[in-house]
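Listed below are the residues making up each chain.
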Amino acid sequence: MTSDPTPSVTDATLADIAANGIWGPGHSISQAVLDVSRALLASLQGEEGVQLPPELSELVADVQRKGTFALPRIVTHDGTRLSAFRIRLNSDEPRPVVIVPAGWNPYGWLPFLYAYLKLAQRGYHVLAYSPRGIGIEGWLSTSEGFVDVAGPNDWADGSHVIDYAQESLEPSRIGFLGGSYGSGISQLVAAHDPAGRVDAVVALSTWGNLATSLYDNGTRHLEAVRALIDFTGGLLEEKFDARAQEVLKNFLNGRDLDEVVEWGTERSPETYVDQTNARGIPTFVSNTWHETLFPVNQTLDLFERLTVPKRLNLWIGDHGAPEGPGLAGLVLGAPFPGLAEPTKEAYEWLDHHLLGVANDVPNWPAVSSQSMFTYKTVPASGDTDRITVPARRETYPSWYEATTGSETWYLTGSGGTGDGSLTDKPAAGWSREFEAGALTASFAGELLKAGQREWFGNPGAYELAKFERERLLVWSTDPLTGSGEVARRIRGAATVRLTVRSSVDAATVVAYLYDVAPDGTARIITHEPYTLTGLTPGADTTVVWRLQAASYDLPTGHRLALVVNSRDPLYSYAGSDLPAISATTTIGSESGNEAKLELPLG
C-alpha cells in the first residue's frame, strides 16, 4: 500500500475526527481518518507494535474473535479486478451481509474501515470494495479499470460483487450501505441487479439526479466536477474511460451539454425509481441543506417519488459532514450531543430490514429534518464555538408537507440607502444595474468546508455592509416579528422571479437569501444560480427559478435579504470568455410580472 510506517493512533487522533470531521486540506480526506484506518488494518493483519487507543484495540480483538478478514480481488464481467475488504463471521447460522461500495476518494474502501468493524460487531458479514478505476496506483485498496461514474459497468460490477458474496459468505440477506459515490452505486445496483437480490439500501450524502447535480438552470457546477476529477487518485486521462473523458471535457468547456445531461440521467437513481418501487427495496437516504456536490432539491425530488419503505434525514452542513465521524472513528465521547445520530440511525435501518431487529424503525416518520443553526453553542478554542445542545429535528410524513403556506415579498427599486426593499405590495417599472463578471463578498461557501464548519457549530458570517454594491444588488425587509422568538419558519424551496437584461448575449444571475441580524452580520439560508444564453443585448427576459430547499427559523428582529450577483466560485459564469467587468446586468420589474420572492413557510 505504502512504504510509510504504520501511524500511531492516539486519543488526540480520534478527537480530531470527532471535532473536525473527515475533510482535510484542499479536496482530501483528513490525515486523522487515514491514520485510524491504516492502523486498524495493520492490527488486523497481525503487525506487531501497532499503537491504538484501548477502545480500538478492543474493537479489533472482538472482530477477530467473531470472524476472519480477507483482502480478495473480485473479478467482474469484463475481467476487471476490484479491490475488496471482507469480514466473514464465524457463525453456524446464516448471517446477512452489508456490501459497501467505496465513496469517491483516492483511497477506495480504506478510509471507513472502522465502520466495517462496527458492522461486523452488530452481526453482519461485511464486503467493502473500491469501484472500478478508483484509487492510487500501487495501493492495495485500488481497483483496476477506468472510472465509469456509476454507469452500467458499475451496476454490473455490483451484481458480480453480490455473486462473490453469495459464494463466499452464503448470506441470509443482502444490504448495501454507501456514502457519496457509493450511495449512488448502491441505489443503482439495487434497481438493476438481474436477480433482484438487494434487500435494503442506505444511501448517505447521496444524489437522486446526477444530471441536475452537475448542471441545472443552465449553470454548470464547475467546482464540484473539478474536485471530483482531482479526487480519483490520478489525471482525467488516466482514470476515466473514453466516454467519460469526452463527457467531462465537454462539461468543463461548456460544449454539448445536452449530451452531458443524457449521460448524467442514465446514472441517476431517479431514472429507475419505478424499478426500485416495483422491487419494494427499503431505502434510507440522507442529505444536507448546504450540500455542494449533490444539492438537496434533486434528492428531495427522488425521495418523494419513492413508494417503498423509506426514510429521509436532512442535516445541517455539507457533503459527508454529518455521517463522516461515525463512519471513520467516533470512539471517544462525542464533542456535542447528536453527533453519533446520523450513523446510528443508518445502522438501525439495516438492523431492522436485514437482521430482523424489533426496533423502532417501523414507527419512524418518513422525514426527519434538522432546522439550520437551532443548536446552542459556547465559545471554544480559537475563534470557534462548540455545540452544547443539538439543533432541533422535525418529522413529517413527506417533505412537501413541511410547507404549509407561503409569503410573497416584492422587490422595489433603490431606496435612500441605495438598496432595494422587500415589501408586501407589487412594484413595477423600475430597473437597477450592476457590473457583471467579478466575484463578490456574497458567495455560497467553500466547497465541502463551509458546510462542515456549519455542522460543527460554526456557520460562516457575512457582513451586508461589505457587499460590493457596484457588482451586486441587495433587497431587504424591515426587521420582522412573529410569535415568540421566531419571526418566520422557512420550510421548503423559495422561488425568485426577476426580469433580466444584459449588455451582452448571455448572463448568469445568482440569488442568495440571507438572515441579517440587527448588527448587520448575516448567515446564508439558501441560494441558486440561473444562466441565460442566446439573449438579445438590451432586451428584457423574465425568469423564474427555484432556490435550494431550506429549513430555517428566522429570529424575531432579524431581516431577510435577497442578494443577486453574477458570479460564484462554485459555478460557471456565462461571460467566462469575456474580460472581467466587461458586461452590465440589469434587474427590473415588469407590470404583470413584478419581481418577487416567494417564501415557503411551515
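The following paragraphs examine the structure supplied in this document.

All right, on to the pattern of salt bridges then. Pairing between side chains of opposite charge can happen when their charged atoms approach one another. Under the defined criterion, the tally for this structure stands at 31 salt bridges. Residues D78 and R132 are paired through a salt bridge, measuring 3.0 Å at the closest nitrogen-oxygen approach. In this pair, D78 is assigned in the loop between strand 4 (73-75) and strand 5 (81-89) and R132 in the loop between strand 7 (125-129) and helix 5 (152-169), connecting sequence segments 54 residues apart. Salt-bridge contacts for R122 lead to D351; the nearest nitrogen and oxygen are separated by 2.5 Å. Here D351 lies in helix 15 (residues 341-355) and R122 lies in helix 4 (residues 113-122), a separation of 229 residues in the sequence. The class for R122 is partly exposed, based on a relative accessible area of 35%. Linked through salt bridges whose partners overlap, the residues forming this network are R392, E394, R489, R491 and D553.

Attention now goes to a negative patch on the surface. A cluster of acidic residues, E246, D256, D258 and E262, forms a negative patch at the surface. Summarising the element assignment, D256 is placed in the loop between helix 10 (242-253) and helix 11 (257-266).

So, on to the nonpolar core. Grouped together as the largest cluster of nonpolar side chains are 123 residues, with contacts concentrated most on I99, L113, Y116 and Y514. The dominant element in this core, judged by the number of residues it contributes, is helix 2 (residues 31-44), at eight residues. Contacts of I99, omitting those with residues within four sequence positions, involve L127, Y129, V161, I162, A165, I174, G175, F176 and L177. Within the second largest apolar cluster, 67 residues are counted, among which are V367, M372, F434 and I490.

Further remarks concern the environment of W315. For W315, the position within the fold is in strand 13 (residues 310-315). Judged by its relative accessible area of 2%, W315 is buried. When the C-alpha positions of W315 and S442 are compared, they lie 23 Å apart, and in sequence the two are 127 residues distant. Those residues in contact with W315 that sit more than four places away from it in its chain are S286, N287, T288, W289, P322, E341, P342, Q370, R393 and W455.

We now examine the pairing of strand 13. The buried fraction of strand 13 is high, at six of six residues. Side chains K310, L312 and L314 of strand 13 all project onto a buried face; the interleaved residues R311, N313 and W315 project onto the opposite face, where all are buried too. The handedness of the strand 12 (residues 283-288) to strand 13 crossover, carried by helix 13 (residues 296-305), is right-handed. Note that strand 13 and strand 14 (residues 367-370) share three bridges and pair parallel. Residue pairing in the sheet places L312 in a bridge with V367 of strand 14.

This brings us to the packing of helix 8 (residues 222-230) against helix 10. Running from amino to carboxyl end, helix 8 crosses helix 10 at an angle of 145°, the nearest separation of the two axes being 10 Å. When you trace helix 8 past helix 10, the crossing you get is left-handed. On helix 10, the residues touching L222, V225, R226 and I229 of helix 8 are L248, F251 and L252. A breakdown of the residues in the contact of helix 8 with helix 10 according to their chemical character gives six nonpolar, no polar and one charged.

This part is about the packing of aromatic side chains. Summed over the entire model, instances satisfying the criterion amount to 25 aromatic pairs. Taken together, a centroid distance of 5.3 Å and an interplanar angle of 55° make the contact between Y107 and W139 tilted. Taken together, the positions of Y107 in the loop between strand 6 (97-101) and helix 4 and W139 in the loop between strand 7 and helix 5 put the pair 32 residues apart, joining distant regions of the chain. You'll find Y107 and W139 in the same group, each marked buried. The interplanar angle of 20° and the centroid separation of 6.2 Å between the aromatic rings of Y512 and Y514 together place this pair among those described as stacked. Taken as a pair, Y512 and Y514 share a single burial class, namely buried. In textbook terms, an aromatic cluster arises when at least three aromatic residues are bridged by ring pairs, as seen for F443, Y462, F467, Y512 and Y514. Here K310 stacks its cationic end above the ring of F303, 4.4 Å away from the centre of that ring. A cation over an aromatic ring shows up here: R311 above the ring of W364, its NZ or CZ 4.6 Å from the ring centre.

By the element assignment, T499 lies in strand 24 (residues 495-502). If sequence neighbours within four positions are ignored, T499 has contacts with D540, T541, T542, T586, I587, G588, S589, E590 and N593.

The geometry of a pair of packed helices is captured by two quantities: the angle between their axes and the separation between those axes. One can describe the packing of helix 5 onto helix 6 (residues 181-192) by two numbers: an axis separation of 9 Å at closest approach and a directional angle of 75°. Regarding the angle of helix 5 to helix 6, the classification is roughly perpendicular. Residues D154, W155, G158, S159 and I162 of helix 5 form the contact with helix 6, whose own contacting residues are Y181, I185, L188, V189 and H192. For the contact of helix 5 with helix 6, a count of residues per class yields six nonpolar, three polar and one charged.

Here the focus is unusual backbone geometry. One non-glycine residue, E170, lies in positive phi territory at about 45°. Inspection of the secondary structure assignment puts E170 in the loop between helix 5 and strand 8 (174-179). Positive phi outside glycine occurs at S180, with the angle close to 60°. With respect to the helices, strands and loops of the structure, S180 is situated in the loop between strand 8 and helix 6. Judged by its relative accessible area of 14%, S180 is buried.

Before going further, it helps to spend a moment on the pairing of strand 15 (residues 376-379). Across four bridges, strand 15 lies against strand 16 (residues 385-389) in antiparallel orientation. Of the residues in strand 16, the one forming a bridge with V378 is R386. In sequence, strand 15 turns back onto strand 16 through a hairpin of five residues, with G382 there showing a positive phi of about 60°.

Spanning 13 residues, helix 3 (residues 54-66) covers 18 Å between terminal C-alpha atoms, matching the ideal 18 Å at 1.5 Å per step. Residues L56, L59, V60, D62 and V63 constitute the buried set of helix 3. Down the axis of helix 3, the smallest arc covering the buried residues is 165°, so these residues share one side. Opposite the packed face of helix 3, turned more than 90 degrees from it, sit the exposed residues P54, E58 and R65. Elements in contact with the buried residues of helix 3: helix 1 (11-20), helix 2, strand 3 (67-70), strand 5 and helix 4.

Cut-offs used in this document
- Residues numbered from 1 in each chain as written.
- Predicted model: local features only at pLDDT ≥ 70, side-chain atom pairs only at ≥ 80, totals over all residues.
- Heavy atoms only, no water.
- Salt bridge = Lys/Arg side-chain N within 4 Å of Asp/Glu carboxyl O.
- Helix = DSSP H or I, 4+ residues; strand = E, 2+ residues; numbered from the N terminus.
- Buried < 20%, exposed > 50% of the residue type's maximum accessible area, 1.4 Å probe, protein only.
- Patch = residues over 30% accessible without salt bridge, like charges linked within 9 Å, V, L, I, M, F, W, Y side chains within 5 Å.
- Areas by Shrake-Rupley, 256 points an atom, 1.4 Å probe, with all protein chains shown as cover.
- Lys, Arg positive; Asp, Glu negative; His and termini not counted.
- Charge placed at Lys NZ, Arg CZ, Asp CG, Glu CD.
- Core = buried A, V, L, I, M, F, W, Y, C linked by side-chain atoms within 4.5 Å.
- Contact = heavy atoms within 4.5 Å.
- Right-handed = clockwise from strand over helix to strand, strands pointing away.
- Pairing = 2+ DSSP bridges.
- Axes fitted to C-alpha atoms, helices over the stretch in contact; angles between N-to-C directions.
- Left-handed = near helix turned anticlockwise from the far one by under 90°.
- Nonpolar A, V, L, I, M, F, W, Y, C, P; charged D, E, K, R; others polar.
- Phe/Tyr/Trp six-rings, centres within 6.5 Å; stacked < 30°, edge-to-face > 60°.
- Lys NZ or Arg CZ within 6 Å of the ring centre and 35° of its normal.
- Parallel < 35°, antiparallel > 145°, perpendicular 65-115°, else oblique.
- Expected span 1.5 Å × (residues − 1).
- Arc of directions from axis to C-beta.

Honestly, it's all geometry; don't read function into it.
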